[in-house]
2 protein chains.
Amino acid sequence: MSEVTLRDVARVSGCSVATVSRVLSGTRPVGPETARRVRAAAESLGYRPNQVARALRSRSTGTIGLVLPQITNPFFPSLVREVEHALHAGGRGLLLADCDDDPATEVDRITSLLERQVDALLVIPVDETHSRDAVALAASRVPLVLLDRACGPGVADSVAVDNAAGMALVLDHLAGTGRRRFCFLGAAGTASTAVERRTAYETGIIALDPLAPGRVELGDFSVEWGRAAAERIWPARPDAVVCANDLIAVGAVQRLRQLGADVPGEVAVTGFDDIPMASLSEPTLTTVRQPAADMAAEALRLLDQRLAGRAAEAHRSVRLAPELVVRASSTPRAVGASRAAAPRTTIPSSRSPEEQQ
Amino acid sequence: MSEVTLRDVARVSGCSVATVSRVLSGTRPVGPETARRVRAAAESLGYRPNQVARALRSRSTGTIGLVLPQITNPFFPSLVREVEHALHAGGRGLLLADCDDDPATEVDRITSLLERQVDALLVIPVDETHSRDAVALAASRVPLVLLDRACGPGVADSVAVDNAAGMALVLDHLAGTGRRRFCFLGAAGTASTAVERRTAYETGIIALDPLAPGRVELGDFSVEWGRAAAERIWPARPDAVVCANDLIAVGAVQRLRQLGADVPGEVAVTGFDDIPMASLSEPTLTTVRQPAADMAAEALRLLDQRLAGRAAEAHRSVRLAPELVVRASSTPRAVGASRAAAPRTTIPSSRSPEEQQ
DNA sequence: TTGAAAGCGCTAACAT
DNA sequence: ATGTTAGCGCTTTCAA
């Protein structure tokens with residue numbers, strides 16, 4: 001729709017389109033006087049570069065695609081926000097695709113973004129196994145980084161929170177505030193987040209409560225399941241209920257209170273992810289915050305490295321340190337909310353990504 | 001990144017690039033035999049059209065931009081989802097821009113999307129007044145529809161829920177279940193949603209409870225404000241607390257219960273929007289659902305009409321009928337959740353948009 | 001119905 | 001440092 005083109009600016013400033021292009025995109029040195037004239041002309045004409053034409057010629061759209069399972073999943077909006085901001089800060093745009101939690105739709109969306117010539121792809125895969133082929137194929141055509149969830153080994157670079165470290169923070173906190181009788185409400189299945197959190201719990205709990213492995217309930221990542229699971233474990237009278245995500249924890253708290261339990265006095269409950277609801281529920285929920293801004297920044301860093309040429313190198317898997325957010329659901333009495341910063345760890349490299357805003 | 005081009009398909013199928021183009025984009029009639037050969041060649045080569053080249057030539061990117069205040073606002077993800085699905089169903093793509101609730105950022109994002117040659121713009125304006133100029137300017141360059149929030153009169157086409165009808169549904173429901181002493185927790189300010197809901201309440205409440213206008217608290221659309229406002233009105237012992245959105249309602253329920261009130265036995269609480277949290281809170285929240293799918297469909301319909309040429313016509317403002325969702329927070333006793341469908345009204349036209357999925 | 005040719009607006013060689 | 005010339009991959013006149 002923009003009517004004024006490079007040619008117009010060239011005509012008005014009295015030089016060639018090539019020179020104008022060079023001034024405006026800063027590709028090559030240009031005489032200071034010419035540059036001034038060009039800029040003045042562009043300004044007075046209200047020139048806006050046509051990114052489509054630029055993309056066709058330079059083979060780079062300045063656009064990256066983000067493919068995610070469901071934007072309505074409460075953890076994703078904050079990730080989308082950070083990705084969008086990081087991208088726009090670098091003058092790039094974000095093409096968003098929502099897969100409706102369906103691997104077939106995911107294939108379709110990836111194809112569509114590729115046709116639109118995205119420079120690179122950020123993918124939160126729908127399914128550990130069913131997304132593999134589509135991701136691998138896409139990764140062979142364009143730089144691709146997996147975000148938040150993995151998708152089998154050796155498919156692409158990936159960035160995620162260190163689930164094991166997060167679970168360790170939770171267990172330390174609960175043990176440190178006197179909890180002794182643990183149980184775990186998790187998710188069954190092979191999704192990387194489900195497996196990693198479950199495994200980390202199992203590993204860490206042995207030393208704290210040898211009988212805890214018998215108090216594990218596995219379902220899915222939902223409030224419903226949290227309610228049902230809470231009902232099943234309450235007869236065992238745990239004093240700490242560790243949940244694999246915030247939704248499960250919210251459901252667990254609701255049911256425990258209905259059953260007459262005092263949360264947190266009698267039993268502490270913890271979540272994982274720090275979705276918005278965690279700080280708005282009653283009581284507010286102790287949880288593990290995923291460093292969304294860091295994750296976005298890391299993912300773009302990896303993408304930019306691939307874009308800069310390191311195409312053939314081995315895939316890297318970056319794990320970012322989570323942060324424990326202590327709130328009312330695990331506090332002995334009305335002590336209020338506070339945060340404990342966790343040391344940041346990165347695996348396998350050991351850079352320290354920029355701080356979360 | 002796609003290496004195989006139209007020329008390759010032309011060479012393999014033994015005809016000209018023009019013919020291949022016509023077959024693949026169905027622009028003009030082509031001989032059945034040729035068409036078959038072309039399709040076979042395209043298939044065997046794994047040809048994927050380059051949408052950037054297509055866009056440059058045809059002056060249409062098949063991409064629309066969505067500009068919103070903050071993706072982390074809990075009502076927007078469902079709207080984004082519906083827009084994305086409606087767009088992809090028509091083979092189009094979605095460029096997403098998040099304004100961080102800042103009008104200056106909004107200007108920047110709109111400019112960026114325009115440079116990327118979006119075919120049209122969907123805008124949820126950040127601010128009633130501060131967004132006006134940017135929206136008006138953008139609307140002069142490309143078809144633009146305002147979504148969910150207005151932005152002064154006569155700026156562009158707009159689609160939103162009928163807030164007045166929603167508030168009427170709430171009042172009918174509460175009065176019909178025996179509530180007699182009302183109060184309202186709303187938002188101050190000039191945002192269209194705040195004003196419309198407030199006004200509708202004031203209009204409808206007179207007949208039900210002449211003294212209710214004295215029990216109105218105005219703050220912002222947050223859980224915090226809901227808590228504070230609940231504390232301020234509880235001494236008046238209302239039996240119905242009408243809130244201008246779900247966040248306020250969630251806060252109000254929390255504080256009312258802390259104050260010893262029985263919700264819903266003693267006092268009913270209602271929200272607006274039906275954000276995910278409304279069905280997950282305890283008790284579940286009676287609220288007014290915004291027809292997100294209908295809104296998305298309507299907005300695209302208006303956009304497509306402008307795209308099809310009706311550029312000079314007067315701006316249209318479509319209001320879609322909301323749906324009352326009755327849940328536990330307004331039910332006399334543990335009757336459980338149920339829904340009451342509302343008649344759909346559309347202003348000023350009277351089409352009946354497709355059903356919500 | 002099909003082909004040849006001319007660009008869309010820009011950047012990148014290649015000249016100068 | 002600047003201009004000239006080719007295209008990027010596609011659609012769309014214009015002829016045939």
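Computed from a prediction, not measured in an experiment: that's the story for all the values here.

S.K.: Tell me about the pairing of strand β6 (residues 182-187) of chain A, and please be specific about residues and values.
M.R.: All names here are of chain A. The buried fraction of β6 is high, at six of six residues. Burial of β6 is two-sided: the residues Phe182, Phe184 and Gly186 facing one way and the residues Cys183, Leu185 and Ala187 facing the other way are all buried. Relative to strand β8 (residues 240-243), β6 runs parallel, the two sharing four bridges. When the bridges of β8 are listed, Phe184 appears paired with Val242. As judged from the four bridges shared by β6 and strand β7 (residues 216-219), these two strands associate in the parallel manner. Opposite Leu185, over in β7, you have Glu217 as the bridge partner. The parallel pair β6 and β7, bridged by helix α9 (residues 192-208), forms a crossover whose chirality is right-handed.

S.K.: Explain the protein's contact with DNA strand C to me, and be specific about the residues and the numbers.
M.R.: Around DNA strand C, the structure places 24 residues, and the nearest of them are Leu6 and Tyr47 of chain A together with Gly31, Thr34 and Arg57 of chain B. Note that a base nitrogen of DNA strand C is positioned 3.4 Å from one of the side-chain N or O atoms of Arg22 of chain A. Backbone polar atom of Ala53 of chain A to a base nitrogen of DNA strand C: 3.3 Å apart, as the coordinates give it. Secondary structure elements with two or more residues in the surface near DNA strand C: α2 (17-25) and α4 (51-58) of chain A together with α2 (17-25) and α4 (51-58) of chain B. Here the surface near DNA strand C is composed, by residue class, of ten nonpolar, eight polar and six charged.

S.K.: Could you give me a rundown of the packing of aromatic side chains, with the residues and numbers involved?
M.R.: Counted by the stated rule, this structure contains four aromatic pairs over all chains. Ring centres of Phe75 of chain A and Phe76 of chain A lie 6.1 Å apart, and the angle between their planes is 50°; this geometry places the pair in the tilted category.

S.K.: Quick one: what's the story with the UniProt feature "domain: HTH lacI-type" (unreviewed entry) in chain A, residue by residue and with numbers?
M.R.: The UniProt entry lists residues 4-58 of chain A under the feature "domain: HTH lacI-type" (unreviewed entry), expressed in the numbering used here. In the segment residues 4-58 of chain A, helix accounts for 71% and strand for 0%; the C-alpha atoms at its two ends are 20 Å apart.

S.K.: Account for the relation of the copies chain A and chain B, with residues named and values stated.
M.R.: Placing chain A over chain B gives an RMSD of 0.0 Å and needs a rotation angle of 180°, together with 0.0 Å of translation along the axis. Both chain copies can therefore be described as sitting about a two-fold axis. Considering only C-alpha atoms, the residue of chain A closest to the rotation axis is Leu95 of chain A, which sits at 2.3 Å. In this assembly the copies share their binding face: 100% of the residues contributing to the interface of chain A also contribute to that of chain B.

S.K.: A description of the protein's contact with DNA strand D should follow, citing residues and the corresponding values.
M.R.: Surrounding DNA strand D, one finds 24 residues, the nearest of these being Gly31, Thr34 and Arg57 of chain A together with Leu6 and Tyr47 of chain B. Among atoms of DNA strand D positioned within 4 Å of the protein, sugar and phosphate together represent 60%. At 2.9 Å, a backbone N or O of Ser16 of chain A approaches a phosphate oxygen of DNA strand D. Note that a phosphate oxygen of DNA strand D is positioned 2.5 Å from one of the backbone N or O atoms of Leu6 of chain B. Only α2 and α4 of chain A together with α2 and α4 of chain B provide two or more residues apiece to the surface near DNA strand D. Taken together, the residues of the surface near DNA strand D sort by class into ten nonpolar, eight polar and six charged.

S.K.: Quick rundown of the domain arrangement of chain A? Include the residues and the values.
M.R.: Residue and element names in this part refer to chain A. Partitioning chain A into structural domains gives domain 1 (6-49), domain 2 (63-161 + 292-320) and domain 3 (163-290 + 322-350). Across the boundary between the two partners, domain 2 contributes 14 residues, which contact 18 residues of domain 3. Of the roughly 1300 Å² buried between domain 2 and domain 3 on both sides combined, carbon and sulfur atoms contribute 50%. A salt bridge links Arg319 to Glu196, with the shortest nitrogen-to-oxygen separation between them at 2.8 Å. Linking domain 2 with domain 3 are five residue pairs in polar contact (both at pLDDT 80 or more). Among the elements that make up the side of domain 2 that touches domain 3, the one with the highest residue count is strand β11 (residues 317-320) (four residues). Here the side of domain 2 that touches domain 3 is built from residues that sort into eight nonpolar, one polar and five charged.

S.K.: I'd like a rundown of the interface of chain A and chain B, residues and numbers included.
M.R.: Between chain A and chain B, the residue contacts involve 52 residues of the former and 52 residues of the latter. Buried surface at the junction of chain A and chain B, summed over both partners, amounts to about 4600 Å²; 54% is from carbon and sulfur atoms. Taken as a group, Glu115, Arg116 and Leu280 of chain A account for 14% of the area that chain A buries against chain B, more than any other trio of residues on that side. The closest approach of N and O atoms between Arg109 of chain B and Glu84 of chain A, which form a salt bridge, is 2.9 Å. There are 26 residue pairs in polar contact (both at pLDDT 80 or more) connecting chain A and chain B. Breaking the side of chain A that touches chain B down by element, the ones donating at least two residues are α4, α5 (76-89), β2 (93-98), α6 (103-115), α10 (223-233), α11 (246-258) and α12 (276-280) of chain A. The greatest single-element share of the side of chain A that touches chain B, amounting to seven residues, is contributed by α5 of chain A. By residue class, the composition of the side of chain A that touches chain B is 19 nonpolar, 20 polar and 13 charged.

S.K.: Explain the sheet that holds strand β6 (residues 182-187) of chain B to me, using residue names and the numbers behind them.
M.R.: Residue and element names in this part refer to chain B. In spatial order, the strands read β7-β6-β8-β9; together these four strands make up an open sheet with parallel pairing. Strands with a single pairing partner mark the edges of an open sheet, and in this sheet they are β7 (216-219) and β9 (268-270). Going across the sheet, the axis of each strand differs from the next one's by a mean of 15°, ignoring polarity.

S.K.: So what's going on with the side chain of Asn245 of chain A? Residues and values would help.
M.R.: All names here are of chain A. With respect to the helices and strands, Asn245 occurs in the loop between β8 and α11. Residue Asn245 is classed as buried on the basis of its relative accessible area of 6%. A distance of 3.0 Å separates a polar atom in the side chain of Asn245 from the backbone nitrogen of Ile248. Setting aside residues up to four positions removed in sequence, Asn245 forms contacts with Arg197, Phe221, Gly271, Phe272 and Asp273.

Reading the values: rules and limits
Residues numbered from 1 in each chain as written. Chains lettered and ligands numbered in written order. Predicted model: local features only at pLDDT ≥ 70, side-chain atom pairs only at ≥ 80, totals over all residues. Heavy atoms only, no water. Buried < 20%, exposed > 50% of the residue type's maximum accessible area, 1.4 Å probe, protein only. Helix = DSSP H or I, 4+ residues; strand = E, 2+ residues; numbered from the N terminus. Pairing = 2+ DSSP bridges. Right-handed = clockwise from strand over helix to strand, strands pointing away. Near = heavy atom within 4 Å. Polar contact = N/O pair within 3.5 Å; in protein donor to acceptor, adjacent residues only side chain to side chain. Nonpolar A, V, L, I, M, F, W, Y, C, P; charged D, E, K, R; others polar. Phe/Tyr/Trp six-rings, centres within 6.5 Å; stacked < 30°, edge-to-face > 60°. UniProt positions renumbered as here; feature names shortened; annotations may be inferred. Least-squares fit on C-alpha atoms with pLDDT ≥ 70 in both. Contact = heavy atoms within 4.5 Å. Domains from an automatic or database assignment. Buried area = accessible area lost by both parts, 1.4 Å probe. Salt bridge = Lys/Arg side-chain N within 4 Å of Asp/Glu carboxyl O. Axes fitted to C-alpha atoms, helices over the stretch in contact; angles between N-to-C directions.

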